[in-house]
Amino acid sequence: MFSTFNTLMVIIVLEVICCLYSLALAYMSDKKFGKILNGLMAAIWAIAAVLNVVGF
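Owing to the predicted nature of the structure, the values given are computational and were not obtained by experimental measurement. (Residues numbered from 1 in each chain as written. Predicted model: local features only at pLDDT ≥ 70, side-chain atom pairs only at ≥ 80, totals over all residues. Heavy atoms only, no water.)

Colleague: Describe the overall build of the protein chain, listing the residues and the values that go with them.
Modeller: A tally of helices and strands in the protein chain yields 2 helices and 0 strands. The burial tally for the protein chain puts 21% of its 56 residues in the buried class. A total of about 4400 Å² of accessible surface is found on the protein chain, and carbon and sulfur atoms cover 78% of it. (Helix = DSSP H or I, 4+ residues; strand = E, 2+ residues; numbered from the N terminus. Buried < 20%, exposed > 50% of the residue type's maximum accessible area, 1.4 Å probe, protein only. Areas by Shrake-Rupley, 256 points an atom, 1.4 Å probe, with all protein chains shown as cover.)

Structure (structure tokens):
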């Protein structure tokens, strides 16, 4: 899908950073809805990173 390995690595690193940021927001959130929503976003970013590593 990507022409260079470096481009893929940059995308994976950005997805991991977004995942960690969502986890941090979920941890710091006071409301239960915020925790669930940010936890869900972190899971989506993690799945996207895994799929990019696998090669989709």
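That shown, we press on.
Colleague: Can you tell me about helix α2 (residues 32-54), naming the residues and giving the values?
Modeller: Spanning 23 residues, α2 covers 33 Å between terminal C-alpha atoms, matching the ideal 33 Å at 1.5 Å per step. Among the residues making up α2, those that are buried are Gly34, Asn38, Ala42, Ala49 and Asn52. Phi turns positive one or two residues past the end of α2, at Gly55, with a value near 125°. (Expected span 1.5 Å × (residues − 1).)

Colleague: Hey, could you go over the environment of Met41 for me, with residue numbers and the actual values?
Modeller: By the secondary structure assignment, Met41 is in helix α2. Taking the relative accessible area as the measure of exposure, Met41 reaches 35% and is therefore partly exposed. Sequence separation of Met41 and Leu23 is 18 residues, and the distance between their C-alpha atoms is 8.3 Å.

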